[in-house]
Amino acid sequence: MNVPLLDLKAQYATIKDEALAAVSEVLETQTCIGGPKVTELEGKVAAISDCKFAVGASSGTDAILNSLMSLDIGPCDEVITTPFTFFATVGCIARTGAKPVFVDIDPQTYNIDAELVASAVTEKTKAIMPVHLYGQMADMDPIMEIARKHNLAVIEDAAQSITSVYKGKKAGSIGTVGCFSFFPSKNLGGVGDGGMIVTNDEQLYNRLVIMRNHGSKPKYYHKYIGGNFRLDPIQAAVLLVKLPHLDDWSEARRRNAAYYDEKFKGTAVKIPYISPDCVTIYNQYCIRVPKRDELLAHLQKNKIGCEVYYPVPMHLQECFKYLGYTQGDFPEAEKAAKEIMAIPVYPELTDQMKDYVVESILSFLR
Ligand SMILES: Cc1ncc(COP(=O)(O)O)c(C=O)c1O
């Protein structure tokens, strides 16, 4: 048997006719930039995120970059975030000229340890960027309390967590802004790059809209230095076809996760911890195991897709050496990076496939 980490062809087969018709509509009208598909998607993503406004972006990365730039974050500023994330979170902070400041993660959820954030605040801190990793939101209440106390912006990196819930609130609706990615492997994935920013702040929304068009308003008059951060209408067209399925797909992922949870009970496999405050969308199902690298090789030999998110924490990346962090600074992030691995959890998995994954893992550990 062959069980990939993700099977986008299986998903495409269920929406093919609609997707082709939607793309064809964009091609026929030759609305190549912006237009009704982008506007419609923005309205719908704002609505499902319980936010007033949404601004399309060319990627999740550009959603974050536009947010930072629109909040006027730059040289001399500090942004507190987690070292256990995808590069884009930290790369965007650094690209504005601001300094990424790390605090360690909670070893259970792998999200930023909210208790540690307060100790990292300095006079230069301008924002906190929690990341909602693998589909589960960070502990937002204490983060928002610190932000209010010090008048800081909160940028939710919700790239992996669209429609995820914390204490009844949707991802992106708690902070100053929330950033989503439509990278194809996300629960709501396009057929290329795409992203979106949501906010309830009208003034900031207006700025984000200007910034995505090189900071110009009216055209060719540049009050700000922005970028080309626009969402492609072909992506919007496909995402509009997929959006009505998002909840069902996330529910199927939760069912698959529950199936694994049950099978791994009482074994050496540490299953994901989901806080009672959260409803996760399981963009990834990540287990922790002894001899992780050997298990990876074993599963790959058995034709089972698996991946390490993420093998090197950001404070140990070569490009961030200038920040002055060293090995041992964030022990929980470093430990997680050595022990964690994602196994297939995508909605179209059959029980037979899941049994094969479970059996392959347990036979290795026995
Ligand atoms: C946590 C996180 N932040 C940011 C991004 C960047 O999104 P994109 O790949 O759409 O630029 C990703 C994408 O994988 C991500 O997982």
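### Here we look at the sheet that holds strand β9 (residues 195-199)
Strands sit in the order β1-β9-β8-β5-β4-β2-β3 across an open sheet of 7 strands; the sheet is mixed. Pairing within the sheet leaves two strands with one partner each, and these edge strands are β1 (53-57) and β3 (99-102). Strand-to-strand, the axes of this sheet are offset by a mean angle of 25°, without reference to chain direction. Pairing geometry for β1 and β9, over 5 bridges, is antiparallel. Residue pairing in the sheet places Val 55 in a bridge with Ile 197 of β9. Against the sheet, helix α6 (residues 140-150) contacts β4 (125-129) and β5 (153-157), and its axis sits at roughly 150° relative to β5.

### Quick word on the side chain of Ser 49
Secondary-structure assignment places Ser 49 in the loop between α2 (36-48) and β1. With sequence-adjacent residues up to four places away left out, Ser 49 is seen in contact with Lys 170, Ala 171, Ser 173, Phe 180 and Val 198.

### Focus: the packing of helix α10 (residues 292-301) against helix α12 (residues 351-365)
Where α10 contacts α12, the axes come no closer than 10 Å and their chain directions differ by 135°. When the interaxial angle is binned, α10 and α12 end up oblique. Helix-helix and strand crossings are classified by hand; for α10 and α12 the assignment is right-handed. Contacts between α10 and α12 involve Glu 294, Leu 295, His 298 and Leu 299 from the former and Ser 360, Ile 361, Ser 363 and Phe 364 from the latter. In terms of residue class, the contact of α10 with α12 is built from 4 nonpolar, 3 polar and 1 charged.

### Things to note about the pairing of β1
The element β1 is extensively covered by neighbouring structure, given that 5 of its 5 residues are classed as buried. With burial as the criterion, each face of β1 is covered, one bearing Phe 53, Val 55 and Ala 57 and the other bearing Ala 54 and Gly 56.

Rules and cut-offs
- Residues numbered from 1 in each chain as written.
- Predicted model: local features only at pLDDT ≥ 70, side-chain atom pairs only at ≥ 80, totals over all residues.
- Heavy atoms only, no water.
- Pairing = 2+ DSSP bridges.
- Helix = DSSP H or I, 4+ residues; strand = E, 2+ residues; numbered from the N terminus.
- Axes fitted to C-alpha atoms, helices over the stretch in contact; angles between N-to-C directions.
- Contact = heavy atoms within 4.5 Å.
- Parallel < 35°, antiparallel > 145°, perpendicular 65-115°, else oblique.
- Left-handed = near helix turned anticlockwise from the far one by under 90°.
- Nonpolar A, V, L, I, M, F, W, Y, C, P; charged D, E, K, R; others polar.
- Buried < 20%, exposed > 50% of the residue type's maximum accessible area, 1.4 Å probe, protein only.

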